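A look at the structure
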Amino acid sequence: MKLMKFAVTVCAIGFLAGGALAQDKPGNIAGLEFQTPKNGMVKQYEEGRKAKAAWHKQQKDKDPLFVSEVLTGEHTGSYIVGRFGMQWADLDKPSVPEAADIEEYTKVIGPYVERMVAAYYEFLPKWSNPATDMNAKYIEVITFHLKSGKGDDFRSAIAKVHEANQKLNVPDHYSWYRLANGGPGGTFVLTFDHANWASMEDDPQIKPLRDRLREAFGEQEAMSVIERLNSSIEGTYSDLIQTRPDLSYMPAK
């Protein structure tokens, strides 16, 4: 599965929380653009992104615009640009007029972009245990593509995994998303925040999944959850991205 279509990457919950700050009733929708600079034009692209951030500040845009860079996988070197914490209705009344936004993008960024793919994702709070801070430097992304007709099995299994983590007070933070529009159905994304490379090491405080399920529910239920997961997942794809606050826009508080 390709990142440009499936990965939510920058949607780590720290960004989602940031996107929600400017709204009275934040939602769970994230609108993302996956942008690939033209060969040899990364510098021009990044300068364009900085100019675009300055333009949003001039427009007194109320909504943050977050940018991250893909570090691993077949789309290394691409960028993800997103808004978070939206409701679908917010797309009908953006803080900055859409026509003006597109015009500025076309002027300062568009000439340096080889390819752009847009997609919308839904944050799934009932399955998630996000961190409360916004200090992530890296975001680990695992994309799941499900077998046809196996969505209910996957959902029920992930719900039990989360229930086990909560029951055992597992010291792990993660966020789940569902691809709502812009790619194949049955696509889910799991993200983990990392403060540094060292945090990529396995945490000895967190037991393997099967052991956690056994401790929380017993052997029979643990095996049922594992079987539902194994039978419902067609494949997975992993990526690592780095947050780029220098290219992002945050409205004044």
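Along each chain, numbering runs from 1 in the same order as the chain's sequence is written. With pLDDT at 70 or above as the cut-off, local features in this predicted model cover only qualifying residues; side-chain atom pairs require 80 or more to be listed or tallied, and sums for whole chains, interfaces and linings still use all residues. The side-chain figures draw on all heavy atoms in the structure; neither hydrogens nor water molecules are used.

1. A look at the overall build of the chain
Secondary structure counts use DSSP, requiring at least four H or I residues in a row for a helix and at least two E residues in a row for a strand, with both numbered from the N terminus. When you go through the chain residue by residue, the secondary structure sums to seven helices and eight strands. Two things to know: the radius of gyration comes from C-alpha atoms, and the globule rule equals 2.2 Å times the number of residues to the power 0.38. Against the compact-globule benchmark of 18 Å for 253 residues, the chain has a radius of gyration of 19 Å, which places it among compact chains. Overall, the C-alpha framework of the chain stretches about 60 × 40 × 40 Å when taken along its three principal axes. Across the 253 residues in the chain, those meeting the buried criterion constitute 45%. Contacts are residue-level and defined by heavy atoms, with any inter-residue pair within 4.5 Å sufficient. Within the chain, residue pairs in contact and separated by at least 24 positions form 84% of the contacts whose partners lie at least 6 positions apart. Accessible surface area values rest on a Shrake-Rupley calculation with a 1.4 Å probe, where residue burial reflects the displayed protein chains alone. Accessible area of the chain: about 12900 Å², with a carbon and sulfur share of 50%. The charge count treats Lys and Arg as positive and Asp and Glu as negative. His and the chain ends do not count. Charged groups are reduced to one reference atom each: NZ for lysine, CZ for arginine, CG for aspartic acid, CD for glutamic acid. Each charge class in the chain was averaged separately, 30 positive and 34 negative side chains, and the resulting centres sit 3 Å apart. The classification of residues rests on relative accessible area computed with a 1.4 Å probe and restricted to protein chains. Under 20% of the type maximum is buried, over 50% is exposed, and intermediate values are partly exposed.

2. Comments concerning the packing of helix α6 (residues 209-217) against helix α7 (residues 219-232)
Close contact between α6 and α7 brings their axes to 7 Å; oriented N to C, the two are set at 140°. What the angle tells us is that α6 and α7 run oblique. Both α6 and α7 take part in a crossing whose hand is right-handed. Residue-level contacts link Leu209, Arg210, Leu213, Arg214 and Phe217 of α6 to Glu219, Glu221, Ala222, Met223, Val225, Ile226 and Leu229 of α7. Ten residues, namely Ala, Val, Leu, Ile, Met, Phe, Trp, Tyr, Cys and Pro, are considered nonpolar, four, namely Asp, Glu, Lys and Arg, are considered charged, and the remaining ones, Gly among them, are considered polar. Each residue belonging to the contact of α6 with α7 can be placed in one class, and the counts come to eight nonpolar, no polar and four charged. For every element, the axis is a line fit to its C-alpha atoms; helices are fit only across the contacting stretch, and the angle between N-to-C directions ranges from 0 to 180 degrees. The labels follow the angle: roughly parallel below 35 degrees, roughly antiparallel above 145, roughly perpendicular from 65 to 115, and oblique for the rest. With the far helix as reference, a near helix turned anticlockwise by less than a right angle produces a left-handed crossing, and one turned clockwise produces a right-handed crossing.

3. Comments concerning the pattern of salt bridges
Salt bridge criterion: a side-chain nitrogen from Lys or Arg within 4 Å of a carboxyl oxygen from Asp or Glu. Inspection of the entire model under this criterion finds 15 salt bridges. Close ionic contact of Glu163 with Lys160 constitutes a salt bridge, the shortest N to O distance being 3.3 Å. Pair noted here: Glu163 and Lys160 are both in helix α5 (residues 151-167), with a separation of three residues, about one helical turn. A residue is classified by how much of its surface remains accessible, and Glu163, at 40% relative accessible area, is partly exposed. Residues joined in a network through salt bridges with shared partners are Glu46, Glu69, Arg244 and Asp246.

4. As for the pairing of strand β2 (residues 66-70)
The two faces of the sheet receive side chains in turn, since in a regular strand these alternate between them. Burial analysis of β2 places five of its five residues in the buried class, which makes it a mostly covered element. Burial along β2 is two-sided: Phe66, Ser68 and Val70 facing one way and Val67 and Glu69 facing the other are all buried. When DSSP finds two or more bridges between a pair of strands, those strands are recorded as paired. Note that β2 and strand β3 (residues 79-86) share four bridges and pair antiparallel. Paired with Ser68 across the strands is Ile80, a residue of β3.

5. Re the environment of Trp176
Tracing the chain through its elements places Trp176 in strand β6 (residues 175-181). As for Trp176 and Val108, which are separated by 68 residues in sequence, their C-alpha atoms are 33 Å apart.

6. Some thoughts on the sheet that holds strand β4 (residues 113-123)
Spatially, β1-β3-β2-β8-β5-β7-β6-β4 is the arrangement adopted by the eight strands of the closed barrel, whose pairing is antiparallel. Here the average twist between neighbouring strands, direction ignored, is 35°. Relative to strand β8 (residues 233-243), β2 is paired through three bridges, and the arrangement is antiparallel. Across the sheet, residue Glu69 finds its bridge partner in β8, namely Gln242.

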